[in-house]
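Tertiary structure, described
In case you want the letters, here they are:
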Amino acid sequence: MEKVADLHIHTSFSDGTFTPKEVMEHASERGLNCIAITDHDCIDAIPMALSLQKDYNIEVVPGVEMTAQEDDKELHILGYFIDYQNEELNKALKMICHGREARVYEMADKLKQHGVNVDAGEIVKYANSKAISRLHAARYLVDKGYLPSLKVVFDKYIGDGRPCYVSCFKFSASQVIDSINSAGGVAIIAHPGLNNVMDIFPVLLKSGIEGLEVYYAEHKQSTVEKLLNIAQEHNLLITGGSDCHGTNKKQVLMGNIKLPYQYVERLKEHANCKRK
Ligand code: AMP
Ligand code: MN
Ligand code: MN
Ligand code: MN
């Protein structure tokens, strides 16, 4: 039987709920032979996951999902086979995470102005992650009884365009792609079928993007076909993954995409060529 991979998985080091060990346990239960750890703007889970490869007989691809901004549009760029110790990449991630933390303080100020008297430092402690996301803040507000549900937190306060929304520091797509490249990684557009990301495809292509995450559960079949055509036309790599966040999404999504291993091989060959 051909080996299968899930190349988009978050851990508790960003906004997923599974530790690297729990990720490996679920991957094993779901019959995956290869996974990529792709935390938001954070690479801290990678060493632990790599050390568990032999125990679970599962290959771990070191990855990251970096946040970028282009013309007011937020987009996510996956980096695969990165050297997670690379200085330049780490410097860029540190700047993004610093911005994420600073944003919590601004968000707390706005929440206070809207009657939610929350302490930013407590959110930071609760998040226990370098890459603090709005989801961490929202969970804190619900867990501690400030607000009744995640839906209320996002819909009334911190969702996109809501009164307590605060954006955080972001690099441009080309800067993110450069950071991934300097760490010897391969840069891929995450979930290109969402949020009209392909509107800026020409810019991304010019910036050196090398592939598309074609296989993604929220992509319609027609979107998958469109993306496959674009990948072929521009000679781009093809990837796929579940975007598993553990129990932070309605279901544990791991393995809902089972990418044939040949795509991982192509990705790996590509990364190896870049290192020569
Ligand atoms: P951030 O990267 O910090 O802006 O946080 C984005 C995360 O917040 C997403 O990955 C979701 O987990 C969560 N999120 C954003 N908007 C909503 C929403 N309207 N409802 C529920 N969760 C949301
Ligand atoms: Mn997330
Ligand atoms: Mn994403
Ligand atoms: Mn993701």
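Residues numbered from 1 in each chain as written. Chains lettered and ligands numbered in written order. Predicted model: local features only at pLDDT ≥ 70, side-chain atom pairs only at ≥ 80, totals over all residues. Heavy atoms only, no water.

**Overview of the overall build of the protein**
Within the protein, the regular secondary structure consists of 11 helices and 8 strands. Over its C-alpha trace the protein gives a radius of gyration of 18 Å, about what one expects of a compact globule, namely 19 Å for 276 residues. Along the first, second and third principal axes, the C-alpha atoms of the protein reach 55 × 40 × 40 Å. Looking at the 276 residues of the protein, the share that counts as buried comes to 55%. A fraction of 70% describes how many contacts in the protein between residues 6 or more apart in sequence connect residues 24 or more apart. Accessible surface for the protein amounts to roughly 12,900 Å². Of this, 47% is attributable to carbon and sulfur atoms. Counting 31 positive and 37 negative side-chain charges, the protein places the averaged centre of each group 3 Å from the other. (Helix = DSSP H or I, 4+ residues; strand = E, 2+ residues; numbered from the N terminus. Rg over C-alpha atoms; globule rule 2.2 N^0.38 Å. Buried < 20%, exposed > 50% of the residue type's maximum accessible area, 1.4 Å probe, protein only. Contact = heavy atoms within 4.5 Å. Areas by Shrake-Rupley, 256 points an atom, 1.4 Å probe, with all protein chains shown as cover. Lys, Arg positive; Asp, Glu negative; His and termini not counted. Charge placed at Lys NZ, Arg CZ, Asp CG, Glu CD.)

**Brief notes about the coordination of the manganese ion (ligand 2)**
Note on the manganese ion (ligand 2): its protein donors are Asp-15 (OD), His-40 (NE2) and His-245 (NE2). The metal-donor distances range over 2.1 to 2.2 Å. Coordination of the manganese ion (ligand 2) draws on donor residues from a single chain, spaced D-x24-H-x204-H in sequence. Classification of His-245 as buried rests on a relative accessible area of 7%. (Donors = N, O, S within 2.8 Å, 3.2 Å for Na, K, Ca; no water.)

**What about unusual backbone geometry?**
Phi at Asn-235 takes a positive value of approximately 55 degrees, unusual for a residue other than glycine. Along the chain, Asn-235 turns up in the loop between α10 (221-233) and β7 (237-241). Taking relative accessible area as the criterion, Asn-235 reaches 71% and is therefore assigned exposed. For Asp-243, which is not glycine, the phi dihedral falls at a positive 65 degrees. Tracing the backbone through its elements, the reader meets Asp-243 in the loop between β7 and β8 (259-260).

**Quick word on the coordination of the manganese ion (ligand 3)**
For the manganese ion (ligand 3), every protein donor is listed as Glu-65 (OE), His-76 (ND1) and His-191 (NE2), and the spread of their distances is 2.1 to 2.2 Å. Mapping the donors of the manganese ion (ligand 3) onto the primary sequence gives the spacing E-x10-H-x114-H. The metal-metal distance between the manganese ion (ligand 3) and the manganese ion (ligand 4) is 3.6 Å, with Glu-65 coordinating both. Note that His-76 is positioned in strand β4 (residues 73-80) and His-191 in the loop between β5 (186-189) and α9 (201-206), a separation of 115 residues in sequence.

**Regarding the layout of surface pockets**
Rolled over the atoms, a probe with the dimensions of a water molecule shows which regions are left empty. As a volume, the largest pocket reaches approximately 1,300 Å³. Lining the largest pocket are 38 residues, with Asp-15, His-40, Glu-74, His-76 and Arg-134 positioned closest to its centre. Residue assignment for the lining of the largest pocket shows that the elements contributing at least two residues are β3 (59-70), β4, α4 (87-113), α6 (134-143) and α7 (150-158). Across the lining of the largest pocket, the residue classes tally to 11 nonpolar, 11 polar and 16 charged. Taken domain by domain, the makeup of the lining of the largest pocket includes at least three residues from each of domain 1 (4-92 + 169-275) and domain 2 (97-158). Considered as a void within the structure, the second largest pocket measures approximately 240 Å³ in volume. Lining of the second largest pocket is provided by Asp-41, Cys-42, Ile-43, Asp-44, Asn-90, Leu-93, Lys-94, Cys-97, His-98, Glu-101, Ala-102 and Lys-130. (1 Å grid on protein atoms, 1.4 Å probe; cavity = no way out; pocket = protein on both sides within 12 Å on 5 of 7 lines; lining within 4 Å. Points joined across faces, edges and corners; volume = space filled by probe spheres on them. Nonpolar A, V, L, I, M, F, W, Y, C, P; charged D, E, K, R; others polar. Domains from an automatic or database assignment.)

**Section: the domain arrangement of the protein**
On domain assignment, one finds that the protein holds domain 1 (4-92 + 169-275) and domain 2 (97-158). Between domain 1 and domain 2, the residue contacts involve 11 residues of the former and 10 residues of the latter. Overall, the association of domain 1 and domain 2 removes approximately 760 Å² of surface from exposure, summing both partners, and the carbon and sulfur fraction of that is 43%. Of all residues in domain 1, Asp-15, Asp-41 and Asn-248 give up the largest surface area on contact with domain 2, accounting jointly for 43% of the area buried on that side. Our count for the domain 1 to domain 2 interface comes out at 2 salt bridges. With a shortest N-O distance of 3.1 Å, Arg-100 and Asp-41 are connected by a salt bridge. (Buried area = accessible area lost by both parts, 1.4 Å probe. Salt bridge = Lys/Arg side-chain N within 4 Å of Asp/Glu carboxyl O.)

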